[in-house]
Amino acid sequence: MGKEKKEKRKSEGGEEVEEKDGKEAWAEKTKYLSPISKPLASRKLTKRLYKVIKKAQSKKNIVSGIKFVQKSIRKGDHSGIMILAGDVSPIDVISHIPILCEENQIPYCYVPSKTDLGGACGNRRSMTMLIVKPNEDYQDLFEECKTEIQNLPMPI
């Protein structure tokens, strides 16, 4: 009755590739998560976060990259929300950031894919972490995401 969820298309090489529906793609992305990637955003929250990131990127209200995020936290800029990629390898690169966020009361969560995080910023490169700062143009969506992140169960 409805559309079939899996669609086949031809890739440039001539072989057939299956596109996966949302649940299968989510399961594929969460398969490569690091053990420290908790609290993980739900599928619905991840989509909202990507939407906020796109709007913030157009207003230049994003601090992205490990070096610039650390500098921003240490300078005392605690107004935004921190979004970390869950499939970063090696883990040592970002393992200290959640502790900094907890000390400075910055809400944070993990999303499953660093390539999707980079894509939400309009970047071709993958991105390990970023801070989204508030702005009146997307304030409602930002506050909604912030409260959902604060309600996520924190790791022990």
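The protein chain has the name H/ACA ribonucleoprotein complex subunit 2 in an unreviewed UniProt entry, where Magallana gigas is given as its organism. In its Subcellular location (unreviewed entry) section, the UniProt record describing the protein chain reads: "Nucleus, Nucleolus". Under the UniProt heading Sequence similarities (unreviewed entry), the note attached to the protein chain is "Belongs to the eukaryotic ribosomal protein eL8 family."

Another point: the overall build of the protein chain. Of regular secondary structure, the protein chain possesses six helices and six strands. Across the protein chain, helices and strands are ordered from the amino to the carboxyl terminus as β-β-α-α-β-α-β-α-β-α-β-α. Counting only residues that meet the buried cut, the protein chain has 39% of its 156 residues in that class. Of the accessible surface of the protein chain, which amounts to about 9,700 Å², a share of 49% is contributed by carbon and sulfur atoms.

An α-helical turn contains 3.6 residues, so any two residues separated by three or four positions project in the same direction. Under the 1.5 Å per step criterion, the end-to-end length of helix H2 (residues 43-58) is 23 Å for 16 residues, consistent within 8% with the ideal 22 Å. Phi for Lys-60, located one or two positions after H2, is positive at around 60°.

Turning next to the sheet that holds strand S3 (residues 62-64). In spatial order, the strands read S3-S6-S4-S5; together these four strands make up an open sheet with mixed pairing. Both edges of this open sheet fall to S3 and strand S5 (108-111), since each of them pairs with a single strand only. Pairs of neighbouring strands in the sheet enclose a mean axial angle of 20°, with direction left out of account. Both S3 and strand S6 (residues 129-132) contribute to a ladder of three bridges, which runs antiparallel.

Definitions and limits used
Residues numbered from 1 in each chain as written. Predicted model: local features only at pLDDT ≥ 70, side-chain atom pairs only at ≥ 80, totals over all residues. Heavy atoms only, no water. UniProt positions renumbered as here; feature names shortened; annotations may be inferred. Helix = DSSP H or I, 4+ residues; strand = E, 2+ residues; numbered from the N terminus. Buried < 20%, exposed > 50% of the residue type's maximum accessible area, 1.4 Å probe, protein only. Areas by Shrake-Rupley, 256 points an atom, 1.4 Å probe, with all protein chains shown as cover. Expected span 1.5 Å × (residues − 1). Pairing = 2+ DSSP bridges. Axes fitted to C-alpha atoms, helices over the stretch in contact; angles between N-to-C directions.

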